[in-house]
Amino acid sequence: VKSFQIEFCLDLFLHFCFQAPAYHLILEGILILWIIRLLFSKTYKLQERSDLTLKEKEELIEEWQPEPLVPPVPEDHPALNYNIVSGPPTHIITVNGKECINFASFNFLGLLNNEKVKSAAQASLKKYGVGTCGPRGFYGTFDVHLELEERLAKFMRTEEAIIYSYGFATIASAIPAYSKRGDIVFVDEAACFAIQKGLQASRSNIKLFKHNDMADLERLLKEQETEDQKNPRKARVTRRFIVVEGLYMNTGDICPLPELIKLKYKYKVRIFLEESLSFGVLGEHGRGITEHFGINIDDIDLISANMENSLASIGGFCCGRSFIIDHQRLSGQGYCFSASLPPLLAAAAIEALNIMEDNPDIFQTLRAKCERIHKALQGISGLKVVGECFSPALHLQLEESYGSRENDVKLLKRVVDYCMNSGIALTQARYLEREEKCLPPPSIRVVITVEQTEQELDKAASLLKEAAQSVLN
């Protein structure tokens, strides 16, 4: 029987061999020879060993230089030569022992040294102590946290709010809580660094559009719509987001929110709005850009802002519909894994909200002062004003570069130092140059608060003109 089976298989093999094309047999033969070669050939050749003497080994060790752990940093780098503040950074600030008028701190509403805010923080300090020593889900939730979230939701006229213990981490945690790998995010190229870090953590597909250019954004949305039509199955599970700022930190420009709302409904995307600069500034009651344009806040899927500017506290918050905010309590990394906001800072933020609600005229006062200095800064030889006339943070950029970014930064520093020596505290805008997606030009940042008098605003503008004339011309 076995011999019969062998003969049958041999006949069958010979039959297929004669029936198969010649090139097929040649290829099979080459393949068989290649397999045999792989089986019997060595995968590598042994190198001839050469033993080194002890002296030679020691010489090699002495000659070897390891790569530096970090790149070399010059001793005059600004990060290593910071200004030292003595006392609270309020209207009058003491920098390096010199008393100056403060045009550098983001204390827009002047609440940092407010007696009511300090009293609320002191009362909370006596009741709760200094910190919390635990995240919100692990005995880090205090009644004052819940009260602040309730007050923020009520103030912003949304269903719910959530607070974070660090302003930068707020939007940087919120974005990756919703947008994941494979999702698509359309983001303004002038977006602040916190947004950039949130996008990086999300691992989503990022599409940058030109700053405040709605035509460029719509072009990208149309291209994506065409891609979705080619692969509808993938499109059904891909989420799409637009991420913008109310007032841009890096430019002082306002985003065209009404046009964005139209694009949102036309192309079925979600909008995330970062309002750290516009909250407590824009709108009749300081509710931000939605109140400024008279837009229904429900048209925005998520609003985030820090409490480190207008509220003169620490941390940040997000607000929106309940099902959106509740998701962050499970997925917001900065919320889940960081120690919760110290109760004294939550109490300070609540009292700041009380002041904002009781004194709505404060926002008109701030706007008038912004417009005054914006007008006064026009026409400075060698410098141009960047930002809206109602933005409390303006940028002064060089009209023309002086050869390199390094030279431009040094010239602007000389202008800042000139003003500092004359009693006006300013600062240069700082960036992590190697990590910024679209690095803004060097600039001097001018911050306006309600505490600055008209005379002080005029003095700052006059001194900046004098400094520019002295340094640049």
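Everything numeric in this text was worked out from a predicted model, so none of it was measured.

Enquirer: So what's going on with the packing of aromatic side chains? Which residues, and what values?
Expert: Following the criterion strictly, the structure yields nine aromatic pairs and no others. Look at Phe 106 and Phe 108: their rings are 5.7 Å apart centre to centre, the planes differ by 65°, and that puts the pair in the edge-to-face class. You'll find Phe 106 and Phe 108 in the same group, each marked buried. Three or more aromatic residues joined by ring pairs make a cluster, and in this case those are Phe 155, Phe 279 and Phe 317. Above the face of the Phe 155 ring, Arg 287 is positioned so that its terminal group lies 5.3 Å from the ring centre.

Enquirer: Describe empty space enclosed by the protein, naming the residues involved and giving the relevant values.
Expert: Vacant regions in the atomic arrangement are exposed by a probe of water-molecule size rolled over the atoms. Across all of its chains, the model carries two cavities of 30 Å³ or more by this definition. Approximately 60 Å³ is the volume found for the largest cavity. Around the largest cavity, the lining residues are Thr 158, Glu 159, Ile 297, Asp 298, Ile 300, Leu 302, Ile 303, Cys 319, Gly 320 and Arg 321. Residue classes in the lining of the largest cavity are distributed as five nonpolar, two polar and three charged. Its boundaries defined by the atoms lining it, the second largest cavity holds a volume of some 50 Å³. Lining of the second largest cavity is provided by Arg 136, His 145, Ile 163, Tyr 164, Ser 165, Gly 334, Tyr 335, Ser 338, Ala 339, Ser 340 and Leu 341. Of all the secondary structure elements, the ones that give two or more residues to the lining of the second largest cavity are β4 (160-164) and α13 (333-337). Taken together, the residues of the lining of the second largest cavity break down into five nonpolar, five polar and one charged.

Enquirer: If you had to explain helix α10 (residues 257-267) to someone new, which residues and values would you point to?
Expert: Of the positions making up α10, those classed as buried are Leu 257, Leu 260, Ile 261, Leu 263, Lys 264 and Tyr 267. Around the axis of α10, the buried residues are gathered within 165° of arc, so they sit on the same side. Looking one or two residues past α10, Lys 268 carries a phi angle of roughly 60°, positive in sign.

Enquirer: Residue-level account of the layout of surface pockets, with values.
Expert: Reported here for the second largest pocket is a volume of approximately 280 Å³. The wall of the second largest pocket is formed by 13 residues, among which Arg 270, Phe 272, Asp 301, Phe 323 and Ile 324 lie closest to the centre. Breaking the lining of the second largest pocket down by element, the ones donating at least two residues are β8 (270-274) and α12 (322-331). Among the elements that make up the lining of the second largest pocket, the one with the highest residue count is α12 (three residues). Per-class residue counts for the lining of the second largest pocket are six nonpolar, one polar and six charged.

Enquirer: So what's going on with the UniProt feature "domain: Aminotransferase class I/classII large" (unreviewed entry) in the protein? Which residues, and what values?
Expert: Look at the UniProt record and you will see "domain: Aminotransferase class I/classII large" (unreviewed entry) annotated at residues 99-462. With 44% helix and 16% strand, residues 99-462 has its two end C-alpha atoms placed 19 Å apart.

Enquirer: For the side chain of Thr 449, give the residues involved together with the corresponding values.
Expert: Note on placement: Thr 449 falls in the loop between β15 (443-447) and α17 (454-472). Note on Thr 449: relative accessible area 4%, which makes it buried. Not counting chain neighbours up to four residues away, the residues in contact with Thr 449 comprise Ser 105, Asn 107, Phe 108, Leu 366 and Lys 369.

Enquirer: Could you give an account of the packing of helix α4 (residues 115-128) against helix α14 (residues 343-358), with specific residues and numbers?
Expert: With their axes 8 Å apart at the nearest point, α4 and α14 run at an angle of 150° to one another. Judged by the angle between their axes, α4 and α14 are roughly antiparallel. Where α4 crosses over α14, the two elements pack in a sense that is right-handed. Packed against α4, whose contacting residues are Lys 116, Val 117, Ala 120, Ala 121, Ser 124, Leu 125 and Tyr 128, the element α14 presents Pro 343, Leu 344, Ala 347, Ala 348, Glu 351, Ala 352 and Ile 355 at the interface.

What counts as what
- Residues numbered from 1 in each chain as written.
- Predicted model: local features only at pLDDT ≥ 70, side-chain atom pairs only at ≥ 80, totals over all residues.
- Heavy atoms only, no water.
- Phe/Tyr/Trp six-rings, centres within 6.5 Å; stacked < 30°, edge-to-face > 60°.
- Buried < 20%, exposed > 50% of the residue type's maximum accessible area, 1.4 Å probe, protein only.
- Lys NZ or Arg CZ within 6 Å of the ring centre and 35° of its normal.
- 1 Å grid on protein atoms, 1.4 Å probe; cavity = no way out; pocket = protein on both sides within 12 Å on 5 of 7 lines; lining within 4 Å.
- Points joined across faces, edges and corners; volume = space filled by probe spheres on them.
- Nonpolar A, V, L, I, M, F, W, Y, C, P; charged D, E, K, R; others polar.
- Helix = DSSP H or I, 4+ residues; strand = E, 2+ residues; numbered from the N terminus.
- Arc of directions from axis to C-beta.
- UniProt positions renumbered as here; feature names shortened; annotations may be inferred.
- Contact = heavy atoms within 4.5 Å.
- Axes fitted to C-alpha atoms, helices over the stretch in contact; angles between N-to-C directions.
- Parallel < 35°, antiparallel > 145°, perpendicular 65-115°, else oblique.
- Left-handed = near helix turned anticlockwise from the far one by under 90°.

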